[in-house]
Amino acid sequence: AQKVTQAQTEISVVEKEDVTLDCVYETRDTTYYLFWYKQPPSGELVFLIRRNSFDEQNEISGRYSWNFQKSTSSFNFTITASQVVDSAVYFCALIETSGSRLTFGEGTQLTVNP
Amino acid sequence: DTGVSQDPRHKITKRGQNVTFRCDPISEHNRLYWYRQTLGQGPEFLTYFQNEAQLEKSRLLSDRFSAERPKGSFSTLEIQRTEQGDSAMYLCASSYEQPSSYNSPLHFGNGTRLTVT
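Computed from a predicted model, the values in this text were never measured in an experiment.

## Considerations on the packing of aromatic side chains
- Evaluated as defined, the whole model comprises 21 aromatic pairs over all chains.
- Taken together, a centroid distance of 6.3 Å and an interplanar angle of 45 degrees make the contact between Tyr25 of chain A and Phe68 of chain A tilted. Residue Tyr25 of chain A is located in strand S4 (residues 24–26), and its partner Phe68 of chain A is located in strand S8 (residues 64–69); the two are separated by 43 residues in the primary sequence.
- Of the residues examined, Tyr25 of chain A reaches a relative accessible area of 3% and is grouped as buried.
- By relative accessible area, which is 2% here, Phe68 of chain A ends up buried.
- Seen in terms of ring centroids, Phe68 of chain A and Phe75 of chain A are 5.9 Å apart; in terms of plane orientation they differ by 80 degrees. Their pairing is edge-to-face.
- By the ring-pair criterion, three or more aromatic residues cluster together here, those being Phe35, Tyr37, Phe47, Phe91 and Phe104 of chain A together with Tyr35, Phe45 and Phe108 of chain B.

## Topic: the interface of chain B and chain A
- Residue-level contacts link 25 residues of chain B with 20 residues of chain A.
- Carbon and sulfur atoms make up 49% of the surface buried where chain B meets chain A, a total of about 1,800 Å² over both sides.
- In this assembly, chain B and chain A are joined by one salt bridge.
- Glu56 of chain B is the partner of Arg101 of chain A in a salt bridge, and the nearest nitrogen-oxygen pair spans 2.8 Å.
- Put simply, chain B and chain A have six residue pairs in polar contact (both at pLDDT 80 or more) between them.

## Some words on the nonpolar core
Residues and elements named next belong to chain A.
- Formed by 23 residues in total, the largest nonpolar core has its most connected members in Trp36, Phe75, Phe77, Tyr90 and Leu110.
- Breaking this core down by element, the ones donating at least two residues are strand S2 (10–14), strand S3 (19–21), strand S5 (32–39), S8, strand S9 (74–79), strand S10 (88–96) and strand S12 (108–113).
- It is S10 that provides the largest number of residues to this core, a total of four residues.
- Apart from residues lying up to four places away in sequence, Tyr90 is in contact with Gln6, Leu21, Trp36, Tyr37, Lys38, Leu48, Tyr64, Phe77, Ile79, Gly107, Thr108 and Leu110.

## Overview of the side chain of Thr82 of chain B
All names here are of chain B.
- One can find Thr82 in the loop between strand S8 (75–79) and strand S9 (88–95).
- Only 2.9 Å separates the side chain of Thr82 from the backbone oxygen of Gln17, close enough to count as a polar contact.
- Sequence-distant contacts of Thr82, defined by excluding residues within four places in its chain, comprise Thr13, Lys14, Arg15, Gly16, Gln17, Val19, Arg64 and Val116.

About the criteria used
Residues numbered from 1 in each chain as written. Chains lettered and ligands numbered in written order. Predicted model: local features only at pLDDT ≥ 70, side-chain atom pairs only at ≥ 80, totals over all residues. Heavy atoms only, no water. Phe/Tyr/Trp six-rings, centres within 6.5 Å; stacked < 30°, edge-to-face > 60°. Helix = DSSP H or I, 4+ residues; strand = E, 2+ residues; numbered from the N terminus. Buried < 20%, exposed > 50% of the residue type's maximum accessible area, 1.4 Å probe, protein only. Contact = heavy atoms within 4.5 Å. Buried area = accessible area lost by both parts, 1.4 Å probe. Salt bridge = Lys/Arg side-chain N within 4 Å of Asp/Glu carboxyl O. Polar contact = N/O pair within 3.5 Å; in protein donor to acceptor, adjacent residues only side chain to side chain. Core = buried A, V, L, I, M, F, W, Y, C linked by side-chain atoms within 4.5 Å.

Pasting the structure below:
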């Protein structure tokens, strides 16, 4: 069975600080995909990134960066120079290639204070 | 692309009543998913359709829940004899192919928040 753990329930930072959101996953499949979604107060889940298990190259997109380490089953997300608009709940999710359902972690509530 | 649309946004109902939610996926997406999200938790998979066929159902989907997608376009989720434990956000999502496909992440709607009193 697949499982995603986000140990940080809440994180609070001051604007312009860097912040890292942790994600650890479990799966028996050798091929799988990992995602990060953002859920602002409006409720809609916004897709941020998708990474497959064969691609361990880290990715940077603007102020966002992702560190995928297969050896530790982790897929961490860093926001550099955080802004108030980054305040949201962030979810890490996993899907096995053979499946159709995304398994989400419990989410990390990020609050960026001015 | 108008996004995934869900109606209503909020629903308050008394225990024992039936409720029905609607989801309109992105028009060219043939896959449609229902998820449930309770407070402080991540979304949990309920069921999914490929076109009009319901291909997978979670054990969370009790006999009181039924989902349809009669013409392969919009979908409805009905809960009969609602219970207080049904209070949650019901999220609909759609995709063109499997969510693992390169250019086909799940696109979520804003959800329907159900409160059972």
